[in-house]
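The lines below spell out each chain.
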Amino acid sequence: MAHGEDRDQTGDRATAHRSPSWSTVPTSRAPDQPAAGADDGVTPVAVAADELVEIAARILVTAGSPEPAARAVAVSLVESDLVGHDSHGVRRLVPYVDAVRGGMIDPSADPVVRRRHRATAVVDGRRGFGQLAARLAVTEARDLAREYGVGVVTIGNCNHIGRLGEYVQTLAETDAVGLAFCNIDPTVAPYGGRERRLGTNPLAWSAPRADGRPPVVVDFATSAIAEGKLALSLARQERVGTGLLVDAEGRDSTDPADFYTGGALLPFGQHKGYGLSVMIEIVGGLLSGAGVSSLPGYDNTNGTVLIAIDIETFVPVSGFRSRSEEFCRLLGDTAPAVDTDPGPDGVLVPGEKEARTRAARISEGITLAPSTWRELAELPGGPELPGVPVPVPHPRNRADGAAPSPEENPDDTGGPRAPA
Ligand SMILES: NC(=O)c1ccc[n+]([C@@H]2O[C@H](COP(=O)([O-])OP(=O)(O)OC[C@H]3O[C@@H](n4cnc5c(N)ncnc54)[C@H](O)[C@@H]3O)[C@@H](O)[C@H]2O)c1
């Protein structure tokens, strides 16, 4: 049985109390305990991204990874922190190291291209870090798309690939359209149901813009709320909106604790998000060989499909870029709605929020939650003094040493995840 997988008496997966795996961040706190905060004895500091890469790489090397592989995984994780998806940043090192210890991740494994046929390839992650397999798949898909116009690559046997936006963005930066999706262990109920049958099954899609603008990157889970954001609400003892989860009896709930006591997340967009998630389970899970996450035989990895479309094969890239840029500017110039406040930035194009966060964090450094520092310090190879963030502070570190408010850093909840 795969690490992190339990079965109940009926043979179904017992999803209410799953063991921690790379897909959920374990916590020593019960779901009803408050999130760690300033009283951790940890003073939050903003750390430069390259310093955080060094820390993450050291932890991974100590866990058994060769230096280049450790650095590649570290860069992927820190990129997630940089763009504001801290839920997929360096805090994932805790479950990753745990999965190495449990034998689920082989830290020294190199992914390989197992098979090539026409415009397709099959990448075998060899149970190593998923980021390495996904990076290899990006290179492979791009090469195939140059030769055939399109490249379709599946990734199996690969553990957690992290933030999908990274991979499609790389493709868009080389004049391709990128599409990626994958399944993951079940936490989401089908539309109209109450049991966990689907993963949060993310989808990412990218296209280049012009004038040096970062690409359009659509990248999200197909659940109505990310589990990490639910944890934040739980830690703040806040209710969430309606339509996001059901409790164990299938009643609509606004109490995040109900998820952690046997409830389920709901798909976004009712039957529409549900439909997308179903297809990601079937196509991602089955083409990759990972399996459907709620059926016996699922191998507890991100069953992934990655597609690259070479733009020049179809139309001149310059024309595609300039029209896509024109359209994105038109979107950004849209007059704001009356009842839906788009926020201080006005109407955004997908990918812009991440690009702005990245620019700010490159300049100001990355401020992690105290609980994340504490957890990193406890890992072998982590920051030396437990509970104290020792890395060199970013020169533009806050003078007051204050922790970011949840509004400033909403993804880094420091809060509880699925219970062990
Ligand atoms: N590997 C896995 O198993 C796995 C599973 C689930 C999620 N993830 C990753 O988690 C990350 C977070 O997912 P999420 O569902 O919380 O994402 P999210 O809800 O934060 O949505 C992010 C997307 O929405 C866009 N966006 C955000 N605000 C916008 C606005 N005001 N206007 C226009 N566009 C806007 C962003 O640019 C981005 O494309 C993703 O990177 C995803 O790939 C990975």
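As a reminder, the structure under discussion sits directly above these lines.
Residues numbered from 1 in each chain as written. Predicted model: local features only at pLDDT ≥ 70, side-chain atom pairs only at ≥ 80, totals over all residues. Heavy atoms only, no water.

**Considering the side chain of T222**
Working step 1: By the element assignment, T222 lies in the loop between β7 (216-220) and α6 (227-235).
Working step 2: Classification of T222 by relative accessible area gives buried; the value is 1%.
Working step 3: When residues no more than four places from it in sequence are discounted, the contact partners of T222 are G199, T200, N201, P202, P267, F268, G273, L276, S277 and I280. (Helix = DSSP H or I, 4+ residues; strand = E, 2+ residues; numbered from the N terminus. Buried < 20%, exposed > 50% of the residue type's maximum accessible area, 1.4 Å probe, protein only. Contact = heavy atoms within 4.5 Å.)

**Focus on the packing of aromatic side chains**
Working step 1: Tallied over the full model, the rule gives 3 aromatic pairs.
Working step 2: Relative to F268, the ring of F220 has its centre 5.6 Å away and its plane inclined at 75 degrees; by these criteria the two rings are edge-to-face. Linking F220 in strand β7 with F268 in the loop between β10 (264-265) and α8 (271-288), this pair joins segments that are 48 residues apart in sequence.
Working step 3: Aromatic pair F259 and Y260: ring centres 5.0 Å apart, planes at 85 degrees, arrangement edge-to-face.
Working step 4: Residue classification places F259 among the buried residues on the basis of a relative accessible area of 1%.
Working step 5: On the basis of relative accessible area, Y260 is assigned to the buried category, the value being 1%. (Phe/Tyr/Trp six-rings, centres within 6.5 Å; stacked < 30°, edge-to-face > 60°.)

**Digging into a nonpolar patch on the surface**
Working step 1: Judged by side-chain polarity, M279, I282 and L286 come together as a nonpolar surface patch covering roughly 290 Å² of accessible area.
Working step 2: Among the structural elements, I282 can be located in helix α8.
Working step 3: The partly exposed category is assigned to I282, whose relative accessible area is 41%. (Patch = residues over 30% accessible without salt bridge, like charges linked within 9 Å, V, L, I, M, F, W, Y side chains within 5 Å. Areas by Shrake-Rupley, 256 points an atom, 1.4 Å probe, with all protein chains shown as cover. Salt bridge = Lys/Arg side-chain N within 4 Å of Asp/Glu carboxyl O.)

**Some details on the site of the ligand**
Working step 1: Around the ligand lies a shell of 22 residues, among which V217, D219, A221, G351 and E354 are the nearest.
Working step 2: Separating an oxygen atom of the ligand from a side-chain N or O atom of N302 is a distance of 3.0 Å.
Working step 3: Within the contact set of the ligand, an oxygen atom lies 2.7 Å away from a backbone nitrogen or oxygen of G351.
Working step 4: Of all elements in the fold, only β7 and α11 (352-364) reach the threshold of two or more residues within the shell around the ligand.
Working step 5: No other element matches the 4 residues that β7 contributes to the shell around the ligand.
Working step 6: A class-by-class count of the residues in the shell around the ligand yields 10 nonpolar, 7 polar and 5 charged.
Working step 7: Shared between two domains, the shell around the ligand holds at least three residues of each, these being domain 1 (24-108 + 352-420) and domain 2 (112-223 + 267-327). (Near = heavy atom within 4 Å. Polar contact = N/O pair within 3.5 Å; in protein donor to acceptor, adjacent residues only side chain to side chain. Nonpolar A, V, L, I, M, F, W, Y, C, P; charged D, E, K, R; others polar. Domains from an automatic or database assignment.)

**Brief notes about the sheet that holds strand β5 (residues 176-182)**
Working step 1: Taken together, 7 strands build an open sheet; the order of strands is β2-β3-β4-β11-β5-β6-β7 and the sheet is mixed. Strands at the two margins of the open sheet, each flanked by one partner only, are β2 (112-117) and β7. On average, each strand axis in the sheet is inclined to that of its neighbour by 10 degrees, with strand direction left out of account.
Working step 2: Inspection of the sheet shows β5 paired to strand β11 (residues 304-310) by 7 bridges, in the antiparallel sense. (Pairing = 2+ DSSP bridges. Axes fitted to C-alpha atoms, helices over the stretch in contact; angles between N-to-C directions.)

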